[in-house]
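Residue strings, one per chain:
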Amino acid sequence: MDSTSVTASLRSTTSIAGARDSARAFLKGLAPALASEATDTVILVVSELITNALRHGGGTCTLDLTAHRDSIEVAVRDPSPQAPRMRTPDLNGGTGGFGRPMVNHLARATNVTHHRAGGKTVSALLPR
């Protein structure tokens, strides 16, 4: 399978904007170029997965982006062994719960891979 990839390591919650910028730069370099709606979707998924990893996964994470012929894979690794869980979105208190259902809706597939050495990777496969 033809693919291109980039890896960016993120170390703090201030890196969420940096993750989005890295993803935009990666996507901009692809040929053929992605439609603007597909780019926006990938950026949204990057933002959600990074935010969740930093908030719930131990405060550090690594972002991997891979472009395949017909898809873009967004994978975020964090040191926590705890699997993400679905929450009922909080419509009044502002405590979240919207990200994982949104990622599941936007992605062709999502996956959680636990690593023997510790931690996990949460990935989403998006249409290109």
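So, here is what we can say about the structure in this document. (Residues numbered from 1 in each chain as written. Predicted model: local features only at pLDDT ≥ 70, side-chain atom pairs only at ≥ 80, totals over all residues. Heavy atoms only, no water.)

## A look at the overall build of the protein chain
Part 1 of the reasoning: When its secondary structure is counted, the protein chain shows 3 helices and 5 strands.
Part 2 of the reasoning: In the protein chain, the succession of α and β elements from N to C terminus is β-α-α-β-β-α-β-β.
Part 3 of the reasoning: The contacts of the protein chain with a sequence gap of at least 6 include a subset with a gap of at least 24, amounting to 59%.
Part 4 of the reasoning: A total accessible area of about 7,300 Å² is found for the protein chain, and carbon and sulfur atoms account for 50% of it. (Helix = DSSP H or I, 4+ residues; strand = E, 2+ residues; numbered from the N terminus. Contact = heavy atoms within 4.5 Å. Areas by Shrake-Rupley, 256 points an atom, 1.4 Å probe, with all protein chains shown as cover.)

## What about the environment of aspartate 40?
Part 1 of the reasoning: Along the chain, aspartate 40 falls in helix α2 (residues 36-56).
Part 2 of the reasoning: Along the chain, aspartate 40 and arginine 24 lie 16 residues apart, while their C-alpha atoms are 8.9 Å from each other.

## Re the pattern of salt bridges
Part 1 of the reasoning: With the rule as written, the count across this model stands at 3 salt bridges.
Part 2 of the reasoning: Across the pair arginine 24 and aspartate 21 runs a salt bridge whose closest N-O atoms are separated by 3.5 Å. Of the two residues, arginine 24 and aspartate 21 are both situated in helix α1 (residues 16-28); the distance of 3 residues between them amounts to about one turn of the helix.
Part 3 of the reasoning: With a relative accessible area of 48%, aspartate 21 lands in the partly exposed category.
Part 4 of the reasoning: Lysine 120 is the salt-bridge partner of aspartate 78, the closest N and O atoms lying 2.8 Å from each other. (Salt bridge = Lys/Arg side-chain N within 4 Å of Asp/Glu carboxyl O. Buried < 20%, exposed > 50% of the residue type's maximum accessible area, 1.4 Å probe, protein only.)

## Some remarks on the nonpolar core
Part 1 of the reasoning: In this structure, Leu27, Val42, Val46, Leu49, Ile50, Leu63 and Val74 are the most contacted members of the largest nonpolar core, which totals 28 residues.
Part 2 of the reasoning: Taken together, the elements giving at least two residues each to this core come down to α1, α2, β2 (61-68), β3 (71-78) and β5 (120-127).
Part 3 of the reasoning: Excluding residues within four positions of it along the chain, leucine 27 makes contact with Leu34, Thr39, Val42, Ile43 and Ile72. (Core = buried A, V, L, I, M, F, W, Y, C linked by side-chain atoms within 4.5 Å.)

## What to know about α1
Part 1 of the reasoning: Across its 13 residues, α1 extends 18 Å between first and last C-alpha, which sits within 8% of the 18 Å expected from 1.5 Å per residue.
Part 2 of the reasoning: Listing the buried residues of α1 in full gives Ile16, Ala19, Ala23, Phe26 and Leu27. Each buried residue of α1 lies within a common arc of 95° when the element is viewed along its axis, so the set occupies one face. The outward face of α1, more than 90 degrees from its buried face, is lined by the exposed residues Ala25 and Lys28. (Expected span 1.5 Å × (residues − 1). Arc of directions from axis to C-beta.)

## As for the pairing of β5
Part 1 of the reasoning: Within β5, 6 of the 8 residues are buried, which leaves it mostly tucked inside the rest of the structure.
Part 2 of the reasoning: Of the strand pairs in this sheet, β3 and β5 are connected by 8 bridges, and their pairing is antiparallel. Counted as the bridge partner of alanine 75 is serine 123 from β5.
Part 3 of the reasoning: In this antiparallel pair of consecutive strands, strand β4 (residues 109-114) and β5, the connection spans 5 residues, and glycine 118 shows a positive phi of 115°. (Pairing = 2+ DSSP bridges.)

## Section: the side chain of glutamate 48
Part 1 of the reasoning: Residue position: glutamate 48 is located in helix α2.
Part 2 of the reasoning: Salt bridges are absent for the buried glutamate 48, whose nearest opposite-charge side chain, arginine 55, sits at 7.2 Å.
Part 3 of the reasoning: Ignoring sequence-local partners within four residues, the contact set of glutamate 48 consists of Gly99, Met102 and Val103. (Lys, Arg positive; Asp, Glu negative; His and termini not counted.)

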